[in-house]
Amino acid sequence: MIVLVSLIVIFIIYNRLIYSSESYYPSIALSPKAIKGQNLWQSNNCWSCHQIYGLGGYLGPDLTNIYSHPNKGPDYINTFLNSGIKSMPYFNFTEVEKEAIIEYLKVIDQSGFYPNYEADIEATGWVKIKYKDE
Amino acid sequence: MNSKYPIYFLILALISLLIGVVFGLSASLQYIYPELFKEFAPFSKLRPLHVTYGISWVILSAVGSIYFYLNKLQFYSYRLLKIHFILYVLTGLALYFSYLIGNMDGREYLAFTPVLVIPILLGWVLFGINLFKTLWGSVTNWPVYYWMWGTGIVFMIYHLSEAHFWLFEDFRSHFTKDMAVQWKSYGSFTGSWNMLVYGISIYVMSKISKEDKMGRNKKVFFFYFLGLTNLMFGWAHHTYLLPTQPWIRYVAYGVSMSEWIVLASIIYDWTLGLSKNSLAQHQVAVKFLKTADFWIFSNIILALFISIPAINYYTHGTHITVAHSMGTTIGINTMILFSSIYFVAGDINRKFQRMTFMVEFGLKLFNGTLLLFLISLLVAGVKRSYWIHFSDQSPFSEMQDAQYLVYVALFISGLGILIAIYIVTIPILKKLIILARSY
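Residues numbered from 1 in each chain as written. Chains lettered and ligands numbered in written order. Predicted model: local features only at pLDDT ≥ 70, side-chain atom pairs only at ≥ 80, totals over all residues. Heavy atoms only, no water.

(A) How the structure looks around the overall build of chain A. Looking only at helices and strands, chain A has 4 helices and 4 strands in total. Of the regular secondary structure in chain A, the N- to C-terminal order runs α-α-β-β-α-α-β-β. Computed over the C-alpha atoms, the radius of gyration of chain A is 18 Å, more than 25% above the 14 Å expected from 2.2 N^0.38 for a compact globule of 134 residues. When its C-alpha atoms are laid out on the principal axes, chain A stretches across 60 × 35 × 25 Å. Taking all 134 residues of chain A together, the buried fraction comes to 52%. Here the analysis covers contacts within chain A between residues at least 6 apart in sequence; of these, 47% occur between residues at least 24 apart. As displayed, chain A has an accessible area near 6,400 Å², and 61% of this comes from carbon and sulfur atoms. Counting 10 positive and 13 negative side-chain charges, chain A places the averaged centre of each group 4 Å from the other. (Helix = DSSP H or I, 4+ residues; strand = E, 2+ residues; numbered from the N terminus. Rg over C-alpha atoms; globule rule 2.2 N^0.38 Å. Buried < 20%, exposed > 50% of the residue type's maximum accessible area, 1.4 Å probe, protein only. Contact = heavy atoms within 4.5 Å. Areas by Shrake-Rupley, 256 points an atom, 1.4 Å probe, with all protein chains shown as cover. Lys, Arg positive; Asp, Glu negative; His and termini not counted. Charge placed at Lys NZ, Arg CZ, Asp CG, Glu CD.)

In structure tokens form, the structure reads like this:
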């Protein structure tokens, strides 16, 4: 019983820390336009094929840093969205909607790196990741 | 005294399973033929359906089993039980129709439109009331499985709500936090259902072996607390590569490694020969539990390795993660839940305790094809990881094309699993329907 109570107390403190924005850097905020992009991302189930930070489905590529990718970027994304390439469904986004999705991908891009190619892998099994503002 | 609603839950669960595997198989076809029926049934629609039915199978069969076991005691309220069942049937229908009209504006795993979480949560509350009211009198003397069920329900309610925190501005507007909390909730959400399912397995084992001690010794309580610690703090091994502060990931790394103790204990028990205990009663239930034992052993090794950040760095974002999640949901959870359902049927009618040729065959097919399925996923994962880290950014489609044979193997083994599941499910489903009618 004591074990259970102490676990729960630690859990409550822990949750407070996790829910506080200080636990993440850099602190990236979504603009209303990016939120609109996120809505489209959710209602069209982009996550079922694509990943962000390696999380999502594996039928398509990861899109975390596509926005700042030297050979890709906003125009490239724009042409892909309604292309219906391979298994990707035929979407019929308007220009405004496409811009919102691109804005969302821009915010994601600014939050960090994935894959984190410059991470340090240590002998202890620990991985020191590289953050965006470093 | 037992009401027939627990049986109804189990029937619904088995039907979900039968539907879920069909969606899974048809989705996997699109790995081989990316453009196949993508116009009317794209992967992005099939996958959420597969996941929803899969989760429904686990949840409904766990809930039905626990209700059945509680019904053997002074059960609190049959009326609430009935309301819970009706509520879930209606929610299931609403969910299905909202998917049909293309309304899936939730997130991965919980793709349904967010309002539907309200009746789902309400169902859990009803379940919780019934469980605690039924068992409260004996709380000072609970065996571990009551603790596990109680904990599972409370944390399920919490983490299911947490998975919808994104509806609040404060979470949603902050990208990294939102993503971390989303994956935190998923990790703990599966931890919660594991509490229900593992609790069921201990219950079934102790009832079959008629050893009440099994649910009461120090060791099982130790594992209960270890599991709870993992449920609370272990989730961040899903997000080692998300830019959270290092301490969150340190905690997850440390906590996840505590599971080595579980592995050590399994090996120790094995050498003691506990699993040799051949039991005459409940042959089928015992057989399923032993199968689960094997998959627990192989999965825990995989899980432990991919929780080491240095290894996770390479396996994350590949099918190796899927091998882990499918290994646990299909290999472990499904086997335990089948064991429980066969135990329930055998408890009502002893005739159903005996192993039949078909079930024996289905189980063999299941093990063989699941092994092939997991190996295909591991191979696909290694290839994808190689592409991510060492291929100098060759095009995605090139990597996918190179996976052709692996995806074919994945599909064929998936088909095998589907057939095996049908072989095992149909007879017990028929039995349950007969039992429900004769009540």
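(B) Fine view of the nonpolar core. Trp124, Trp149, Phe175, Tyr224, Phe338 and Leu432 of chain B are the most contacted members of the largest nonpolar core, which has 190 residues in total. Sequence-distant contacts of Tyr224 of chain B, defined by excluding residues within four places in its chain, comprise Leu4 of chain A together with Val144, Trp147, Met148, Thr151 and Met195 of chain B. (Core = buried A, V, L, I, M, F, W, Y, C linked by side-chain atoms within 4.5 Å.)

(C) Spatial organisation of the interface of chain A and chain B. Contacts between the two partners involve 70 residues from chain A, matched on the other side by 79 residues from chain B. Together, Tyr19, Tyr58 and Trp126 of chain A form the three largest contributors to the area buried by chain A at its contact with chain B, with a combined 13%. The closest approach of N and O atoms between Asp401 of chain B and Lys86 of chain A, which form a salt bridge, is 4.0 Å. Seen at the junction of chain A and chain B, the total is 28 residue pairs in polar contact (both at pLDDT 80 or more). Taken together, the elements giving at least two residues each to the side of chain A that touches chain B come down to helix H1 (2-19), helix H2 (32-43), strand E1 (51-52), strand E2 (55-56) and helix H4 (95-111) of chain A. Taken together, the residues of the side of chain A that touches chain B sort by class into 43 nonpolar, 25 polar and 2 charged. (Buried area = accessible area lost by both parts, 1.4 Å probe. Salt bridge = Lys/Arg side-chain N within 4 Å of Asp/Glu carboxyl O. Polar contact = N/O pair within 3.5 Å; in protein donor to acceptor, adjacent residues only side chain to side chain. Nonpolar A, V, L, I, M, F, W, Y, C, P; charged D, E, K, R; others polar.)

(D) Main features of the side chain of Asn45 of chain A. Among the structural elements, Asn45 of chain A can be located in the loop between H2 and E1. Taking the relative accessible area as the measure of exposure, Asn45 of chain A reaches 1% and is therefore buried. If sequence neighbours within four positions are ignored, Asn45 of chain A has contacts with Ser44, Pro48 and Met104 of chain B.

(E) Layout of the pattern of salt bridges. All names here are of chain B. The full count for this structure, using the stated rule, is 10 salt bridges over all chains. A salt bridge links Arg216 to Asp212, with the shortest nitrogen-to-oxygen separation between them at 2.9 Å. Look at Arg216 and you get partly exposed, because its relative accessible area is 31%. A salt bridge links Glu360 to Lys287; the shortest N-O distance between them is 3.5 Å. Placement of the pair is Glu360 in helix H14 (residues 357-390) and Lys287 in helix H11 (residues 283-306), with a sequence separation of 73 residues.

(F) Expanded view of the UniProt feature "domain: Cytochrome c" (unreviewed entry) in chain A. Within this structure's numbering, the places UniProt gives as "domain: Cytochrome c" (unreviewed entry) are residues 32-109 of chain A. Within the segment residues 32-109 of chain A, helix and strand shares are 45% and 5% respectively, and the terminal C-alpha atoms sit 17 Å apart. (UniProt positions renumbered as here; feature names shortened; annotations may be inferred.)

(G) Here's a closer look at helix H13 (residues 319-348) of chain B. Residue and element names in this part refer to chain B. With 30 residues, H13 extends 41 Å between its outermost C-alpha atoms, agreeing within 8% with the 44 Å of an ideal straight helix rising 1.5 Å per residue. Of all the bends found along H13, the most pronounced is centred on Thr334 and spans about 30 degrees. Counting buried residues in H13 gives 22 out of 30 residues, a clear majority hidden from the surface. (Expected span 1.5 Å × (residues − 1). Bend = angle between axes of the 7 residues up to and from the residue.)

(H) Highlighting the packing of aromatic side chains. All names here are of chain B. If you walk through the whole model with that rule in mind, you get 58 aromatic pairs over all chains. Ring centres of Tyr8 and Phe85 lie 5.6 Å apart, and the angle between their planes is 40 degrees; on these two criteria the pair is classed as tilted. With a gap of 77 residues between them, Tyr8 in helix H1 (residues 5-32) and Phe85 in helix H3 (residues 78-100) connect regions that are remote in the sequence. Taking relative accessible area as the criterion, Phe85 reaches 12% and is therefore assigned buried. Between Tyr145 and Tyr146, the ring centres sit 5.2 Å apart and the planes meet at 90 degrees, which makes this aromatic pair edge-to-face. In textbook terms, an aromatic cluster arises when at least three aromatic residues are bridged by ring pairs, as seen for Phe68, Tyr69, Phe132, Trp136, Trp142, Tyr145, Tyr146, Trp147, Trp149, Tyr203 and Phe343. Above the face of the Tyr109 ring, Arg47 is positioned so that its terminal group lies 5.8 Å from the ring centre. In this structure, Lys177 packs its charged tip against the face of Phe171, placed 5.0 Å from the ring centre. (Phe/Tyr/Trp six-rings, centres within 6.5 Å; stacked < 30°, edge-to-face > 60°. Lys NZ or Arg CZ within 6 Å of the ring centre and 35° of its normal.)

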